[in-house]
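So you can see what is in the structure, the chains are spelled out below.
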Amino acid sequence: MPDLPQFPPGFRFGVSTAAYQIEGAVAEDGRGASIWDTFAHAPGRIRGGDTGDVACEHYHRWESDLDLIARLGAGAYRFSVAWPRIQPTGSGPVNAAGLDFYDRLVDGLAARGIDPLVTLFHWDLPQALQDEGGWNNRDTAMRFAEYAELVGERLGDRVKLWITLNEPYIHFALGHVQGVHAPGLNMLTDQLPVVHHLLLAHGLAVSALRRTSSAPVTLANNYSPVWPASASDEDQMAAAVYDMVQNHLFTDPILFGAYPPGYEFLTTADVDSIIMEGDLEVISQPIQALGVNYYNPSLIAAPPPGDLLPFARLPIEGYPQTAFDWPVVPDGLRQLLTGLKERYGDKLPPIWITESGCSWPDIDDQFRIDYIAGDLRAVRDAMDAGVEVHGYCTWSLLDNFEWAEGYHQRFGLVHVDFDTQERTPRRSFEWYGQVCAAAAPSPDGHPDPTG
Ligand code: IFM
């Protein structure tokens, strides 16, 4: 093992990706359009005019990409299923070719001894559902449950961990409030329906997956420890609101069966017209793991006078910065993990770090090695403080389509030349391979991801 603390037997190391960011082949084999196809093709939305049309051509290169994961020696691969490949318009009969693709992928992983960890929604909502109101429409949650059932029926015998939603907070905040991600909305009031329907979709999908698979189910939230900018009442208050929205809004309803105090500011409507009787029971049914994505803390101050948001995010200075200008604060991961344990206590299921990584372009990327090592030490520190963590997936296997930043940010252990599609493992690939190789098997040899 490189210079890192030991992880307990059975702790898993993996890599993560997502469909729209790597697959390409957006018009092949019956795939329908997603909100990201529409958004990326709208002028001025994505840096450099990039789109996910081709991305890493993973749809065609999946076998050699799985060979790379096998060469890395990772025990788990987290990928997402593109809903518009399974149901091109988000409802109705299955598109067999789409489901067959993921079936082959899962079999390909099994053949290489890699556990599939499957995300059902990594932001690529079928455009036809957006045309009906998207997550603002309660019906989208029902459609998501049907989609989850279709995928569960087909892959449920082999998947090792289900992740219903990826980062609902980011999808909500960047896609529906700030408008810098698809679907590009700027909803400044009445945001609660989007939040609630995402949570309801999660809950209904848990039921669908329980009917079709015995694998554990979770969702992956992007958490960020919140640092108030000062001790002033105004900054403390703004920080508390921010903490509620980013860290509690998509977790309290699931683990406590109730929205966090203060959530009502998200709507001017009567909340009972949005949260129907029985919804919170559906949302709060047991999950067997909690997915944690971590990138950096948030420094929060009171907003400038007249601002529409109740908080302001300030830059964090005095730390190294990634190529994306994100501060590198590994101890933030320890803070957030111990904070989750403090808040949720016995209700907190075992944690999987479903993402952690950085944008760094060099092939000789000591920066990324240090970054991942820092986060792994933070995870180990949190475990020593009593937090149960079962696995760690780094973001990402490959350089890929980084949403509004197009191909300008490179998060991969493997460099991708987007002109030739040539893959070149970075130095971090070899290093992370040593981390994976040093993982101690569980006493029974091959653990269940939450076992
Ligand atoms: O690329 C994204 C991923 O899709 C979701 N989590 C954060 C990553 C880096 O921005």
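Heads up: these notes are all about the structure in this document.

About the cut-offs
- Residues numbered from 1 in each chain as written.
- Predicted model: local features only at pLDDT ≥ 70, side-chain atom pairs only at ≥ 80, totals over all residues.
- Heavy atoms only, no water.
- Phe/Tyr/Trp six-rings, centres within 6.5 Å; stacked < 30°, edge-to-face > 60°.
- Buried < 20%, exposed > 50% of the residue type's maximum accessible area, 1.4 Å probe, protein only.
- Lys NZ or Arg CZ within 6 Å of the ring centre and 35° of its normal.
- Helix = DSSP H or I, 4+ residues; strand = E, 2+ residues; numbered from the N terminus.
- Expected span 1.5 Å × (residues − 1).
- Bend = angle between axes of the 7 residues up to and from the residue.
- Contact = heavy atoms within 4.5 Å.
- Pairing = 2+ DSSP bridges.
- Axes fitted to C-alpha atoms, helices over the stretch in contact; angles between N-to-C directions.
- Core = buried A, V, L, I, M, F, W, Y, C linked by side-chain atoms within 4.5 Å.
- Disulfide = S-S within 2.5 Å.
- Near = heavy atom within 4 Å.
- Polar contact = N/O pair within 3.5 Å; in protein donor to acceptor, adjacent residues only side chain to side chain.
- Areas by Shrake-Rupley, 256 points an atom, 1.4 Å probe, with all protein chains shown as cover.

### Quick notes on the packing of aromatic side chains
Scanning the entire structure with this criterion turns up 36 aromatic pairs. With centroids separated by 4.9 Å and ring planes inclined at 75 degrees, the aromatic side chains of Phe-101 and Tyr-102 adopt a geometry described as edge-to-face. Classification of Phe-101 as buried rests on a relative accessible area of 1%. Note on Tyr-102: relative accessible area 1%, which makes it buried. Through successive ring pairs, a cluster of aromatic residues spans Tyr-20, Trp-36, Phe-39, Trp-123, Phe-401, Trp-403, Tyr-407 and Phe-418. Sitting over the ring of Tyr-59, Arg-85 keeps its end group 4.1 Å from the ring centre.

### Side note on helix α3 (residues 58–72)
The terminal C-alpha atoms of α3, which comprises 15 residues, lie only 17 Å apart, well short of the 21 Å expected from a rise of 1.5 Å per residue. Considering bend angle alone, the principal kink of α3 is centred on Ser-64 and spans about 40 degrees. When we look at burial in α3, the residues that qualify are His-58, Tyr-59, Trp-62, Asp-65, Leu-66, Leu-68, Ile-69 and Leu-72. The positive-phi residue at the C-terminal boundary of α3 is Gly-73, with phi of around 90 degrees.

### Topic: the side chain of Ser-16
Considering the arrangement of structural elements, one finds Ser-16 in strand β1 (residues 12–16). Residue class for Ser-16 comes out buried when judged on its relative accessible area of 0%. With residues up to four places along the chain from it excluded, the contact list for Ser-16 reads Arg-78, Thr-354, Glu-355, Cys-393, Thr-394, Trp-395, Ser-396 and Leu-397.

### Observations concerning the sheet that holds strand β9 (residues 312–314)
Pairing between the strands of a sheet is mediated by backbone hydrogen bonds and can be parallel or antiparallel. If you walk across this open sheet you meet the three strands as β6-β8-β9, and the pairing is mixed. For this open sheet the edge positions go to β6 (226–228) and β9, each flanked by a neighbour on one side alone. Each adjacent strand pair in this sheet contributes to an overall mean axis angle of 45 degrees, direction not counted. Summarising the sheet, β6 and strand β8 (residues 298–301) pair through three bridges and their orientation is parallel. Note that in β8 the partner of Val-226 across the bridge is Ser-298. Of the strands in this sheet, β6, β8 and β9 touch helix α10 (residues 233–248), which is tilted by about 135 degrees from β8.

### Details of the nonpolar core
In terms of nonpolar packing, the biggest core is built from 138 residues, with Phe-172, Leu-337 and Tyr-432 touching the most fellow members. Looking at this core element by element, the count peaks at 12 residues for helix α9 (residues 192–212). Once you skip the residues sitting within four places of it in the chain, Tyr-432 turns out to touch Phe-13, Gly-14, Val-15, Leu-72, Ile-372, Tyr-392, Cys-393, Thr-394 and Leu-413.

### Digging into the state of the cysteines
A complete count under the given rule lists zero disulfides for this structure. For Cys-358, which is in no disulfide, the shortest distance to another cysteine sulfur is to Cys-393 and amounts to 16 Å. Cysteine Cys-393 remains unbridged, with the sulfur of Cys-436 as its closest cysteine sulfur at 9.6 Å.

### Structural notes on the site of the ligand
The ligand sits among Gln-21, His-122, Trp-123, Asn-166, Glu-167, Tyr-295, Trp-326, Glu-355, Trp-395, Glu-402, Trp-403 and Phe-411. Glu-167 places a side-chain nitrogen or oxygen 2.7 Å from a nitrogen atom of the ligand. Glu-355 places a polar side-chain atom, nitrogen or oxygen, 2.5 Å from a nitrogen atom of the ligand. Relative to its unbound accessible area of 280 Å², the ligand is 96% covered by the protein chains.

### Side note on the sheet that holds strand β2 (residues 76–80)
Taken in spatial order, the eight strands of this closed barrel run β1-β2-β3-β4-β5-β7-β10-β11, and their pairing is parallel. Looking at each pair of strands side by side, their axes are set apart by 25 degrees on average, direction ignored. Two elements, β1 and strand β11 (residues 389–395), share five bridges in a ladder whose sense is parallel. Residue pairing for β11: Phe-13 is matched across the bridge by Tyr-392.

### Details of the pairing of β1
Burial analysis of β1 places five of its five residues in the buried class, which makes it a mostly covered element. Burial of β1 is two-sided: the residues Arg-12, Gly-14 and Ser-16 facing one way and the residues Phe-13 and Val-15 facing the other way are all buried. Bridge count between β1 and β2: three bridges; the pairing is parallel. From the neighbouring strand, Ser-16 faces β2, where its bridge partner is Arg-78.

### Points about the environment of Thr-51
Note on placement: Thr-51 falls in the loop between α2 (35–41) and α3. Residue classification places Thr-51 among the buried residues on the basis of a relative accessible area of 15%. Once the C-alpha coordinates of Thr-51 and Trp-36 are considered, the two residues, 15 residues apart in sequence, prove to be 8.5 Å apart. Filtering out sequence-adjacent residues up to four positions away, Thr-51 remains in contact with Tyr-20, Ala-40, His-41, Phe-401 and Tyr-407.

By themselves these figures say nothing about function.
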